[in-house]
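Summary of structural features
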Number of protein chains: 2
Amino acid sequence: MIVNTKMVGMAQHKTITVNADVVACCSPLAHVEMSEAEASDIAQIFSALSDPVRLRMLSMIASESEVCSCALEEPLSKSQPTISHHTRILAEAGLIIGERRGRWMWWRAAPDRMRDIARILSA
Amino acid sequence: MIVNTKMVGMAQHKTITVNADVVACCSPLAHVEMSEAEASDIAQIFSALSDPVRLRMLSMIASESEVCSCALEEPLSKSQPTISHHTRILAEAGLIIGERRGRWMWWRAAPDRMRDIARILSA
DNA sequence: CTCTCAAATTGATGTATGTCAATGAAAGAG
DNA sequence: CTCTTTCATTGACATACATCAATTTGAGAG
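The paragraphs below set out a description of the structure included in this document. (Residues numbered from 1 in each chain as written. Chains lettered and ligands numbered in written order. Predicted model: local features only at pLDDT ≥ 70, side-chain atom pairs only at ≥ 80, totals over all residues. Heavy atoms only, no water.)

**Let's talk about the pattern of salt bridges**
All names here are of chain A. Cut-off, in case you're wondering: What counts as a salt bridge is simple: a side-chain nitrogen of Lys or Arg found within 4 Å of a carboxyl oxygen of Asp or Glu. The buried label goes to any residue with under 20% of its type's maximum accessible area, the exposed label to any with over 50%, and the partly exposed label to all in between, with areas taken from a 1.4 Å probe on protein chains only. Starting at the N terminus, helices and strands are each numbered in turn, a helix being any DSSP run of H or I of at least four residues and a strand any DSSP run of E of at least two.
Evaluated as defined, the whole model comprises 10 salt bridges over all chains. One salt bridge in this structure joins R101 and E99, with 3.3 Å as the shortest N-O distance. Classification of R101 as partly exposed rests on a relative accessible area of 33%. Two residues, R115 and D112, come together in a salt bridge whose shortest N-O distance is 2.6 Å. Of the two residues, R115 and D112 are both situated in helix 6 (residues 111-121); the distance of three residues between them amounts to about one turn of the helix. What makes D112 exposed here is its relative accessible area of 52%. Look at the salt bridges and you will find they share partners, linking E66, E99 and R101 into a network.

**Notes on unusual backbone geometry**
All names here are of chain A. The phi dihedral of S77 is positive, around 55°, even though this residue is not glycine. Note that S77 resides in the loop between helix 4 (73-76) and helix 5 (80-92). Among the residues examined, S77 registers a relative accessible area of 59% and is labelled exposed.

**A look at the protein's contact with DNA strand C**
Heads up, the condition is: For each residue, the test is whether any non-hydrogen atom lies within 4 Å of the molecule or strand; if one does, the residue is near. We define a polar contact as two N or O atoms separated by no more than 3.5 Å, with the added condition that, inside protein, one atom must be a possible hydrogen donor and the other a possible acceptor, whereas residues neighbouring each other in sequence contribute only through side-chain atom pairs. As a working rule, the residues Ala, Val, Leu, Ile, Met, Phe, Trp, Tyr, Cys and Pro are called nonpolar, Asp, Glu, Lys and Arg charged, and the rest polar, with Gly in that last group.
Taken together, the neighbourhood of DNA strand C is formed by 28 residues, with R54, T82 and H86 of chain A together with Q80 and R88 of chain B sitting nearest. Each atom of DNA strand C within 4 Å of the protein was classed as base or backbone; sugar and phosphate made up 69%. A distance of 2.7 Å is found between a phosphate oxygen of DNA strand C and a side-chain nitrogen or oxygen belonging to T82 of chain A. Take Q80 of chain B: an N or O atom from its side chain is 2.6 Å from a base nitrogen of DNA strand C. For the surface near DNA strand C, the element with the most residues is helix 5 of chain A, which contributes five residues. Among the residues making up the surface near DNA strand C, the classes are represented as 10 nonpolar, 11 polar and seven charged.

**Some remarks on the relation of the copies chain B and chain A**
Look at the two chain copies: a rotation about an axis and a shift along it is all it takes to match them. Short version of the rule: For the least-squares superposition of copies, only C-alpha atoms count, and only for residues with pLDDT at least 70 in both.
Superposition record for chain B on chain A: RMSD 0.0 Å, screw rotation 180°, translation along axis 0.0 Å. Expressed as a symmetry operation, the mapping of one chain copy onto the other fits a two-fold axis. The C-alpha atom lying nearest the rotation axis in chain B is that of A118 of chain B; the distance is 2.2 Å.

**A word on the protein's contact with DNA strand D**
Taken together, 27 residues lie near DNA strand D, and Q80 and R88 of chain A together with R54, T82 and H86 of chain B sit nearest. S84 of chain A is positioned with one of its side-chain polar atoms (N or O) 2.8 Å from a phosphate oxygen of DNA strand D. Separating a phosphate oxygen of DNA strand D from a side-chain N or O atom of T82 of chain B is a distance of 2.7 Å. Secondary-structure elements contributing two or more residues to the surface near DNA strand D are helix 5 and strand 5 (104-109) of chain A together with helix 3 (52-63) and helix 5 (80-92) of chain B. Take the surface near DNA strand D: its biggest share by element is five residues, from helix 5 of chain B.

**Comments concerning the interface of chain B and chain A**
Going by this rule: Residue contacts follow a heavy-atom distance rule, with two residues in contact if any of their heavy atoms lie within 4.5 Å. Buried area is understood as the total, over both parts, of accessible area removed when two parts are fitted together, assessed with a 1.4 Å probe.
Between chain B and chain A, the contact holds 32 residues from the first and 32 residues from the second. The junction of chain B with chain A conceals about 2700 Å² of combined surface from both sides, 70% of it contributed by carbon and sulfur atoms. For R56 of chain A, the salt bridge goes to E36 of chain B, with nearest N and O atoms at 3.7 Å. Here chain B and chain A share 10 residue pairs in polar contact (both at pLDDT 80 or more) between them. Elements with a minimum of two residues in the side of chain B that touches chain A: helix 2 (36-48), helix 3 and helix 6 (111-121) of chain B. Element by element, the count of residues in the side of chain B that touches chain A is highest for helix 3 of chain B, at eight residues. Looking at side-chain class alone, the side of chain B that touches chain A contains 18 nonpolar, eight polar and six charged residues.

**Section: the pairing of strand 4 (residues 96-101) of chain B**
Residue and element names in this part refer to chain B. Where we set the bar: Each pair of strands is called paired provided DSSP finds at least two bridges between the two strands.
Examined bridge by bridge, strand 4 and strand 5 (residues 104-109) share six bridges and lie antiparallel to one another. Looking across to strand 5, one finds that R100 is bridged to M105. The antiparallel hairpin formed by strand 4 and strand 5 contains two residues in its connecting segment, where G102 sits at a positive phi of about 65°.

**Regarding the sheet that holds strand 3 (residues 67-68) of chain B**
Residue and element names in this part refer to chain B. Definition in use: Every axis in this analysis is a line fitted to C-alpha atoms, fitted for helices over the stretch in contact. Angles between the N-to-C directions lie between 0 and 180 degrees.
Taken in spatial order, the three strands of this open sheet run 3-5-4, and their pairing is antiparallel. The sheet is open, and its two edges are formed by strand 3 and strand 4, each paired on a single side. Across the face of the sheet, helix 3 comes into contact with strand 3, strand 4 and strand 5 while running at roughly 85° to strand 5.

So, to be careful, I would describe these as geometric facts and stop short of saying anything about function.
This is how it looks when you write it as structure tokens:
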């Protein structure tokens, strides 16, 4: 598995974005049969998108320029550890990018990555 | 939850395609914040895509005009019940469409549905 | 009708995952 | 330094899921 380590300006939590290249260069589903390695990498991305809380979270982040972690707990009705858990998974899938500013963690969407994933579904 | 029942020519197993409308009319993630109901529906689709075996399976089916269930076991190295389990999940997500011909079950991809899902990720 | 074959279903098992309370770590404010 | 605040991590628990052996269902063939 190809791993592309990317620091996101966090001290405590180092976000590791998996498959930065694999996703970008992966052929659309209907063009070539996927290898096992490709399938595992891509499956992890879709797995990040397979939870309702994370989908709403991503939608909220993508609808704004950036969103603070602390602004997610109330609208999603989830505890702070749960929010942290989900942002981590979205970040590891490369769907959002985090930046620490003082005590606050700010998240923004990664539209390029989202386009790459969309392209896998539809040539 | 909106359920769109669709017979697929099977006697034994009635495939139920969920969210036929919801997906088609769902706004791209970045445009409007998703409701809980939308999120649950869409999450189920991505959940179907979140398994490596199913991704390779979908890739194989989408690369051909149609594929028989029996032609999937060997290349995917999975048992017959497991193949049946996965085809069912892909069909319920509306990603593939099945048709029984004699003793055999033939599957073809649903490119329209795949395009709809891609559009949710990238406007 | 019986026999055969392909697929669906059932049941069991191990693993993965969402959730939160409790705790720890990091960054300011005073 | 201490106090406060925000986020990350740990541990525990319940649920969901992938897998296969065994069985059942369904559709021809003879």
